Amino acid sequence: MKKCCSGFSQKSWSAEHETRSMKNAFTLNSQLLGNSSIQFQWQKRKSTYLAVAGSSRTLFILDHKGDQFDTIPLQSECAALDWDPSGDSLACIQEKSSSLILWDIPSGKSKSAWITVECGMKALNLVVWNPTGEHLAVATGKGNLLLYTRSTQKKIPILGKHTKAIVTAAWTSTGSTKAGEATQLLACASDDRTFTLTNLDGDTVFQMALKGDPNSIQWSPNQTVMGMVLSNKTLFFHDTQAQDAPIELAFQSRYGAIVAYHWFNDGLVMIGFASGYFVVISTNLNEIGQEMFQSKDFKDSLCDISVSMAMNRAAIMGDNCVKVHDLNDLKDVTDVITLEDERGTLERVEWSPDGQFLTIATKRGSLYTYLSRIPILGSVNGANVAYLTSLTEVTIADQSNASSLGSATFYPTVLLRKQLDFEPSLLSLGPYHLAVGNHNALWFFTTGQSRPRLGFPGANREGVHPGTLVLHKEYNAAIKAISLSDRFAAVVLVDGKLAFHSIENMPDASGEMQIFQKVFPVSTVAARSIIKGASDSALNLLNDDTDPNAPQITCAALTSELLVYGTSNGGIHHYSIEDLVLVNEMRHSVGIAYLHQHPKGAARLIFRDTKNDGFLFSPTADFIMPVPSLSAKTKGVTWERNSKIQRNVFVSWDDAFISVSVFNDHTMKGAQCLTLGTTKLPYGLKPLLLHNGVLTCQTSTGKLSIVNLSTHEIEKDLPNLPEQDQGKYLQLLYTIGKIPDLWACAKNVTSKTAWKMVADAALHVLDVTTAKLVYRQVLHDAGMVMTLTEIEHIEDKNLLRGHIAVLFGDYKAAQDFFLDSSGPICALELRRDLMQWDQALTLAATLAPNQTTVIAREYAKQLELNGKYAEALAMYEKALATAQDPMEEDDYDDDGLCDEEALSEHQIACSAGLTRMTLRLGDVSRGMKMLGETTDRGILSECATILEGIKQFSEAGKLFERAQQWEKAAEVYIKAKSWPKVAALLPNLTSPRIFGQYAKAMEAQGSYKEAAQAYEKARDFDNVVRLYVEHLQNVEGAVAIVRSTRSRDAAKMVSKFFQMIKDYKSVVEFCLVAGMQDEAFELAQQHDVMEHYAELIKEEATPEMLMNVANFFQNANRPLLAGKYLMQAGNYARALKLFLDIPSSTSSNSSSSPTALDLAIETVGLAKSDALTHELIDYLMGERDGVPKPAKYIFKLYVSLQSYKEAARTAAIIAKEEQASGNYKAAKELVLGSIRELRKRKVKIPSEVDRILMLLHSYMLVKVLIKADEHMNAARLLIRVAHHISQFPSHVVPILTTTVLECHRAGLHRSSFEHAATLMRPEYRGAVDVKFKRKIEQIVRRPEAIEPEEEQTPCPICGTLLGEMALDCKECKNHLQYCIATGKHMTRSEWSHCPSCLFPGLTAPLQSLVEKTRQCPMCGIELGVESIVKVDDPSGILNGINGEEEDQLNQYVKNPKGEKVEEKPMEGKGPVEKSSSPARMGGLAA
């Protein structure tokens, strides 16, 4: 099957991309290797050595520095070489030799050596190790094959495997035979255009012909698909699981010949073409052959491709350079290596297996090796990180202030940079020291960190420069791991020993300063020795007495106080550093591989065993538990190192993901380790430090990088998440210890459910304090706060778990916790509180036998409620039988004697229960006897109810009577049909139902009077009416009942009766009550009682009903009534026409009834129609009949239209007319009504109207004051009236005469003279009354200038003193309110009001006047003195202006009962549209 690959074009790499060039590690030139092509290969797995051979006939073994480690002379040029998979052996064949060279890496101090294996074949050209390194395949140029087994030195020659040269071969470890058996297969391809699959025995298991010349066999990463190049044009794929369906892929001709290809990732293949292109295709079934990426990296040619999965990089070589691409983003060129002198000579490029080196070979015999990365070597202590920044430089950085900046590389706070003279392979950071080394030697340097002073001479190294070497030490074996504390180092060696020694000198027993050292494991005696004060022999014992039979030590950790190490037999040992005493020992089932000590001390640690299982171990709590996030793929573990975070958070990681976990010592389920989430680990990063939730990683380029953990990311859209998601996020913040961030969320998260989840999470880990804070500060649940406060200080964890389990509703777990705690009695209290009495009885038997009695009683009650009467009876008997035992502590005195009152109550309750159960079980006679002399109403009622339930009505009635439950007794007597007994109980009954039942019984017996009385008490009035009408002939009573109850059924019965006696008004009335609207109308129409009908329906009439009534009256030639009901029906135009057509002399038969014109005005006011308004105006102006109507109708029209200002102007005109005619009372009432209506509508009162009322009221008040002998006040008022005498033309002379006489009587002689002089004028003199004329003449002839000054009182607004009768303040320019009792202006200190008209009055004068007259001097309403209430602060009233003043007055003025006085409004009926013609209206008012 042949496919053509076509894809999209990718932009090729350009110089604009930011790249860097790798550092050259070493270079070999043609003088050493020869001037031709080179064979080279890096040591597999280890990448320590590089094998190189050229035309110089020497095989060089070089280390990674380029130094010669060994050389092997060759007989001819090297044809091929291959390292075995373990990297321990190298195989080499020569072009003109039939022998095979095998070279092994020397071990220890032995010298390197090689052996020669005779193959017995010529033209050797290929050598390939199988995946186990046990078998070696050698191919020849003649098509033969040799299989060599290293362990047995067995040779299997296979002649004629192919007919021509075998040009390429490769092993697979997961091939399969035709029978489906898995085996290791060797794929070979030959110039004879065939390929074969051969097993370890040399048998050909598959063979296939090819369509072109093959080269470059490679197996896919899953080892099931083989690929090869055919004729440098196509790619051929053979699937061992589908051997009959090979696939061949062809490519675009512009790409040119295939130079090289390489598998990577999951089914992707990178292909390089001679024209400079490289392409990535997919071999997955659903997208096979599809181009995933394409780029032209080189202008002239592409030479080779090499892919490093360890570095996740691809090296593409062409022209005169090598470009390195990132496999995650192939457009990203990370490095460019340019060889200016090698254009056209580049031949091959290869990564070392670990990706640390990239080697380039040329056709002219040169070899270039570049350093692509440095070893990832790092260590942490606290928030400090030590890491390699170059092959010979170690940097210590402070990460305490690192923040989540994303995964971008950043620049940490550097504390120390230390240049070394060697390349370290070991590194460890302690509180004050840095240890670096390789193989079996360590160098210890100071870090410069300040430390506390030690208590022995020479221990404090003041002035020592950071990076100073303090100790160089070599060990007896290679070093496996290092751990440092403040003073000591623990070094694990590969021979299973642990070297424990001080880092700096310390005093021995004799006081001499020296390095203390000890090798573990030690014998029991030595382990118990003490450093301080020990003898020399003891120290020697510590140094020399190791246990030869002890298991190997595999790992170790140090804290400031303890040395911890794990052994190959599963032991974890804790030694006190102070005296080297074994303080704890734990034995695991298998060997310990790694220890990860908690940074805060020895309270807990994580270890991994040789089975790659992870566990968390706490020596203090003595428990061990598996860690779910650890597996065989786990590469490392690190704890959260910020001491401020009170959570045991740690992260573990493998090659792809980081897992965040948290451990809690105490939860509701005991110790618990939970995995919180995972985060993808970017390729090439190694986590080192977790501090404050920030994960610091080391890169392969010697830098630090931050990785954002998914569990520690800030949720930006938190308020918009669902409640459950909000709660989960808050729980996560709490769990990882980000408490400040948690409380900060309280501003944005208002969900009670979310915060309840936080409180539950806190309670789950027994954190009562935090849960209480949540309930107090956020949930505001006082009940839970009080509950949690009660249990907050409980130290017993099981007791605390029990109380929390109760809050969670898990009562079974709560009981178990209580029973395992120091307070097991709580389990009994729990079951009692839950009323689970059977379990409570079981617990009481062992925990509190004295509570059995009470529990048995309560259990009996529950059984009774559940209908288990026999069991309840037995439990009541048990409660009585054990009553002599103590019951509850509160019921007993200190001597343990039973409290008599409590015992009596208990016995009564149990006896009552026994009686109830006896009755329920059917033993009625025994139960009645047991009741005997019982007087307890409750017991009697309960037993009676039981008897009623079992239909023993007679006995039940007796018991209800004894319990004085008369109605229940009557009910059961009714069931028993014992009517005499029911009648005897009637005086004590109130239940309508019982009276109804009794009434029916009496009616059935013919006792109608008794039945009617019973029906009435039962409030069954329909039956009462029925009996009254049908049997008792009490029609008046029936009518009264129907009118009060409005019962329809009863109304029908009464209506039928009146129809029989032809009382049609009553018939109509009761037909309406019965809801028979149509019948009522027909009767009213037939019998001419329509007006009566209309009056009856006016409250509930519909427009249709009103129209019917109106039509009737119109047809009956009664237009006034017809118009009235048309108006009510809303037919305003027709109503107005009828009203205007009625002659004014016949519009009303009664002086108190509204005239047709009044009704017309009301109609226009309701209609709010401009057309109807104009029609009425025309009529009032006389345009219709030539007769203008009186002005009072104009006023009424304005009021009806709610044009209150115009109404006020009209009122003023009418008032002036009335005033001119001498009708002062009518004028005042009109103006007063207008003002009150304007106030109510919040309309500004015209000053003219206000002035008219003031003058009219002042004049009318004079008579009241004279009658009350208040002559001075009356005189002052008369002076005010006299100044406006022109407004009283009908009574000028009488008013002036009264003014002269009152002023003279009050001593106001000057004012008396002035007005007397006016009266003596010719126009008035003749009209003066004869009996006063002489007196007035004397006043004129003998004038007196003496007159008392008018008293001054403060202005209520500005406080300026002015005359008490003055109503205008010259200072503040305000018109002042006047007292309705005196006419004086108001003052703040004496402010009161009439509760009806709300006009103000001075408190004392108003109260005095009301006391005399019993009415308001302004509105005339009847008042009592107690209704005049003084206003303490009238500021609000004074600030009110016109309409607003009404609201202010209503706030201050109350009637004696504290309620506002209701006023009947003027005839206006709500708001009106102001669309009527102002010109017409204004002209009419004028």
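All values reported here derive from a predicted model rather than from experimental measurement. Per chain, residue numbering runs from 1 following the sequence as it is written. Only residues with pLDDT of at least 70 are given local features in this predicted model, and only at 80 or more are side-chain atom pairs given and counted; all residues enter the totals for whole chains, interfaces and linings. Computation of side-chain values: all heavy atoms of the structure, hydrogens and water removed.

Visitor: How would you explain the overall build of the protein if you had to name every residue and give the values?
Guide: Broken down by element type, the protein carries 46 helices and 66 strands. Burial classification: accessible surface area is computed with a 1.4 Å probe over protein chains only, and a residue below 20% of its type maximum counts as buried, one above 50% as exposed, and the rest as partly exposed. A buried classification covers 52% of the 1486 residues belonging to the protein. Residue contacts are defined here by distance: any two heavy atoms, one from each residue, within 4.5 Å place the two residues in contact. Taking all contacts inside the protein whose residues are at least 6 apart in sequence as the whole, residues at least 24 apart take part in 47%. Strands are runs of DSSP state E lasting at least 2 residues, helices are runs of H or I lasting at least 4, and numbering of each runs from the N terminus.

Visitor: Hey, could you go over the packing of helix H16 (residues 924-931) against helix H17 (residues 937-949) for me, with residue numbers and the actual values?
Guide: Packing of H16 against H17 leaves a shortest axis separation of 12 Å and a crossing angle of 170°. By the angle between their directions, the pair H16 and H17 is classed as roughly antiparallel. From H16, Val924, Met928 and Leu931 reach across to H17, where they touch Ile939, Leu940, Cys943 and Leu947. When the residues that make up the contact of H16 with H17 are grouped by side-chain class, the tally is seven nonpolar, no polar and no charged. Every angle, taken between N-to-C directions, lies between 0 and 180 degrees, and every axis is a line fitted to C-alpha atoms, over only the stretch in contact when it is a helix. These descriptions rest on fixed angle ranges, namely under 35 degrees for roughly parallel, over 145 for roughly antiparallel, 65 to 115 for roughly perpendicular, and the rest for oblique. Three residue categories are used. Nonpolar comprises Ala, Val, Leu, Ile, Met, Phe, Trp, Tyr, Cys and Pro, charged comprises Asp, Glu, Lys and Arg, and polar comprises the others, including Gly.

Visitor: Break down a negative patch on the surface for me, citing the residues and quoting the values.
Guide: Judged by side-chain charge, Glu713, Glu715, Asp717 and Asp725 come together as a negatively charged surface patch. Position of Glu713 relative to the elements: it lies in the loop between strand E62 (704-707) and helix H4 (723-735). Within the patch definition used here, like charges are joined within 9 Å and nonpolar side chains (Val, Leu, Ile, Met, Phe, Trp, Tyr) within 5 Å, considering only residues with over 30% relative accessible area and no salt bridge. For the accessible areas, the method is Shrake-Rupley and the probe is 1.4 Å, while residue cover comes only from the protein chains on display. For this analysis, a salt bridge means a side-chain nitrogen from Lys or Arg found within 4 Å of a carboxyl oxygen belonging to Asp or Glu. Residues scored as positive are Lys and Arg, those scored as negative are Asp and Glu, and His as well as the terminal groups of each chain are ignored. Charge placement uses NZ in Lys and CZ in Arg. For Asp and Glu, CG and CD serve respectively.

Visitor: Describe the sheet that holds strand E4 (residues 49-53), naming the residues involved and giving the relevant values.
Guide: Pairing between strands requires that DSSP locate at least two bridges from one strand to the other. The strand order across the open sheet formed by four strands is E3-E4-E5-E6, and the pairing between neighbours is antiparallel. The strands lining the two open edges of the sheet, one partner per strand, are strand E3 (39-42) and strand E6 (68-73). Strand after strand, the sheet turns through a mean of 15° between neighbouring axes, direction not considered. Where E4 and strand E5 (residues 58-63) come together, five bridges link them in antiparallel fashion. Bridged to Leu50 within E5 is Leu62.

Visitor: Describe helix H38 (residues 1271-1282), listing the residues and the values that go with them.
Guide: In this scheme, a helix's expected span is set at 1.5 Å multiplied by one less than its residue total. Here H38 is twelve residues long and its end C-alpha atoms lie 16 Å apart, about the 16 Å a rise of 1.5 Å per residue gives. The element H38 is extensively covered by neighbouring structure, given that eleven of its twelve residues are classed as buried. Three or more residues of H38 are buried, namely His1271, Asn1273, Ala1274, Ala1275, Arg1276, Leu1277, Leu1278, Ile1279, Arg1280, Val1281 and Ala1282. For H38, the elements touching its buried residues are helix H37 (1247-1267), helix H39 (1292-1306) and helix H40 (1309-1319).

Visitor: Before we move on, could you go through unusual backbone geometry and cite the residues and values that matter?
Guide: In the segment running from Phe520 into Pro521, the intervening peptide bond is cis, with an omega of 0°. Its location among the elements puts Pro521 in the loop between strand E47 (517-520) and helix H2 (524-527). In this structure, Asp319 takes a positive phi of about 50° despite not being glycine. In this structure, Asp319 sits in the loop between strand E28 (313-318) and strand E29 (321-326). Residues other than glycine seldom take positive phi values, yet Arg1414 does so here, at roughly 60°.

Visitor: Could you give an account of the pairing of strand E33 (residues 367-371), with specific residues and numbers?
Guide: The side chains of a regular strand alternate, residue by residue, between the two faces of the sheet. Within E33, five of the five residues are buried, which leaves the element mostly enclosed by the surrounding structure. Every second residue of E33 is oriented toward a common face, with Leu367, Thr369 and Leu371 on one face and Tyr368 and Tyr370 on the other, all of them buried. Relative to E33, strand E2 (residues 23-28) runs antiparallel, the two being bridged by five bridges. Within E33, the residue paired with Leu28 across the bridge is Leu367. A loop of four residues connects strand E32 (residues 357-362) with E33, the two strands running antiparallel in sequence, and Gly365 in this loop sits at a positive phi of about 90°.

Visitor: Hey, could you go over the packing of aromatic side chains for me, with residue numbers and the actual values?
Guide: We call Phe, Tyr and Trp rings a pair once their centres come within 6.5 Å, taking the six-membered ring for Trp, and we label the pair stacked below 30 degrees between planes, edge-to-face above 60, and tilted otherwise. Overall, the coordinates contain 26 aromatic pairs when judged by the stated rule. Geometrically, the ring pair formed by Phe500 and Phe516 is edge-to-face, given 6.2 Å between the ring centres and 75° between the ring planes. With Phe500 in strand E44 (residues 498-502) and Phe516 in the loop between strand E46 (513-514) and E47, this residue pair connects regions lying 16 residues apart in the sequence. Each residue in the set Phe488, Phe500, Phe516, Phe520, Tyr565 and Tyr575 is aromatic and connected to the rest through ring pairs, giving one cluster. Taking the ring centre of Phe520 as reference, the NZ or CZ of Lys518 above it sits at 5.1 Å. The criterion for a charge sitting over a ring is simple: Lys NZ or Arg CZ within 6 Å of the ring centre, and within 35 degrees of the ring normal. Arg647 extends its terminal NZ or CZ atom over the ring of Tyr734, reaching a point 4.4 Å from the ring centre.

Visitor: An account of the confidence of the model for the protein is needed here, citing residue identities and associated values.
Guide: Confidence of the predictor in every single residue is expressed as pLDDT, which spans 0 to 100. Mean pLDDT over the protein: 82, with 88% of residues reaching 70 or higher. Ignoring residues within four places in sequence, the model shows residues 524-544, a span with pLDDT below 50, making 34 contacts including any to other chains.

Visitor: Run through the sheet that holds strand E10 (residues 113-118), naming residues and quoting values.
Guide: In space, the four strands of this open sheet follow the order E7-E8-E9-E10, with antiparallel pairing throughout. Each edge of the open sheet is held by one strand with a lone partner, namely strand E7 (78-83) and E10. Neighbouring strand axes in the sheet, compared pairwise and without regard to direction, differ in orientation by 20° on average. The sheet contact formed by strand E9 (residues 99-104) and E10 spans six bridges and is antiparallel. Paired with Asp104 across the strands is Ala113, a residue of E10.

Visitor: So what's going on with the nonpolar core? Which residues, and what values?
Guide: Nonpolar side chains in soluble globular proteins generally cluster together in the buried interior. What is meant by a nonpolar core is a set of buried Ala, Val, Leu, Ile, Met, Phe, Trp, Tyr and Cys residues, joined one to another through side-chain atoms within 4.5 Å. Membership of the largest hydrophobic core comes to 62 residues, with the highest contact counts inside it found for Leu1253, Phe1288, Leu1319, Phe1399 and Met1418. For Phe1399, the residues in contact, after removing those within four places along its chain, are Leu1232, Ile1235, Arg1239, Leu1253, Tyr1378, Ile1380, Ser1392, His1393, Cys1394 and Met1418. One finds Val749, Tyr775, Leu873 and Leu914 within the second-largest nonpolar core, a separate group that totals 59 residues.

Visitor: Help me get a handle on the environment of His1031, residues and values and all.
Guide: Note that His1031 resides in helix H23 (residues 1021-1032). C-alpha separation for the pair His1031 and Lys1009, spaced 22 residues apart in sequence, amounts to 9.0 Å. Contact partners of His1031, with chain neighbours within four places excluded, come to Tyr1008 and Arg1026.

Visitor: Residue-level account of the state of the cysteines, with values.
Guide: Put simply, a disulfide is two cysteine sulfurs that come within 2.5 Å. In this structure the tally under the stated criterion is zero disulfides. With no disulfide of its own, Cys1369 lies closest to Cys1372 among cysteine sulfurs, the gap being 3.5 Å.

Visitor: So what's going on with H23? Residues and values would help.
Guide: Relative to the 16 Å expected for twelve residues at 1.5 Å per residue, H23 spans just 14 Å between its end C-alpha atoms, considerably shorter than the ideal helical length. Turning to H23, its buried residues are Phe1021, Asn1023, Val1024, Val1025, Arg1026, Leu1027 and Tyr1028. Where H23 terminates, the next one or two residues include Gln1033, which has phi positive at roughly 50°.

Visitor: Any chance you could break down the packing of helix H8 (residues 782-791) against helix H9 (residues 797-808) for me, citing the residues and the numbers?
Guide: Where H8 contacts H9, the axes come no closer than 10 Å and their chain directions differ by 165°. Taken together, the axes of H8 and H9 lie roughly antiparallel to each other. Along this stretch, H8 crosses H9, giving a crossing that reads as right-handed. Together, Met784, Thr787, Leu788 and Ile791 of H8 and Leu800, His803, Ile804 and Leu807 of H9 make up the contact between the two elements. Looking at the contact of H8 with H9 residue by residue, the classes come out as six nonpolar, two polar and no charged. Less than a right angle of anticlockwise turn of the near helix away from the far helix marks a crossing as left-handed, whereas a clockwise turn marks it as right-handed.

Visitor: Give me the pairing of strand E53 (residues 605-609): which residues, what numbers.
Guide: Counted residue by residue, E53 has five buried out of five residues, so it is predominantly covered. Taking every second residue as pointing to the same face, both faces of E53 are buried, with Leu605, Phe607 and Asp609 on one and Ile606 and Arg608 on the other. Both strand E52 (residues 592-597) and E53 contribute to a ladder of five bridges, which runs antiparallel. In the strand pairing of E53, Ile592 is matched with Asp609. Both E53 and strand E54 (residues 614-618) contribute to a ladder of four bridges, which runs antiparallel. Pairing of Leu605 across the sheet is with Phe617, part of E54. The hairpin formed by E53 and E54 contains four residues between the paired strands, and Asn612 there has a positive phi angle of roughly 65°.

Visitor: Explain the side chain of Thr1382 residue by residue, including any values.
Guide: Among the secondary structure elements, Thr1382 is positioned in the loop between strand E64 (1361-1363) and strand E65 (1391-1393). The class of Thr1382 is buried, set by a relative accessible area of 3%. Separated by 3.2 Å, the side chain of Thr1382 and the backbone nitrogen of Lys1384 make a polar contact. Discounting chain neighbours no more than four positions away, the residues touching Thr1382 are Leu1261, Asn1273, Leu1277, Met1365, Leu1402 and Pro1405. Whenever a nitrogen or oxygen atom comes within 3.5 Å of another N or O atom, the pair is scored as a polar contact, on the condition that within protein one atom can donate a hydrogen and the other can accept it, and that pairs from neighbouring residues in sequence are kept only if both atoms are in side chains.

Visitor: Please give an account of the pattern of salt bridges that cites residues and values.
Guide: Scanning all chains against the criterion turns up 26 salt bridges. Between Lys772 and Glu792 there is a salt bridge, with its nearest N and O atoms 2.7 Å apart. Of this pair, Lys772 sits in helix H7 (residues 768-778) while Glu792 is found in the loop between H8 and H9, placing the two residues 20 residues apart along the sequence. Look at Lys772 and you get buried, because its relative accessible area is 12%.

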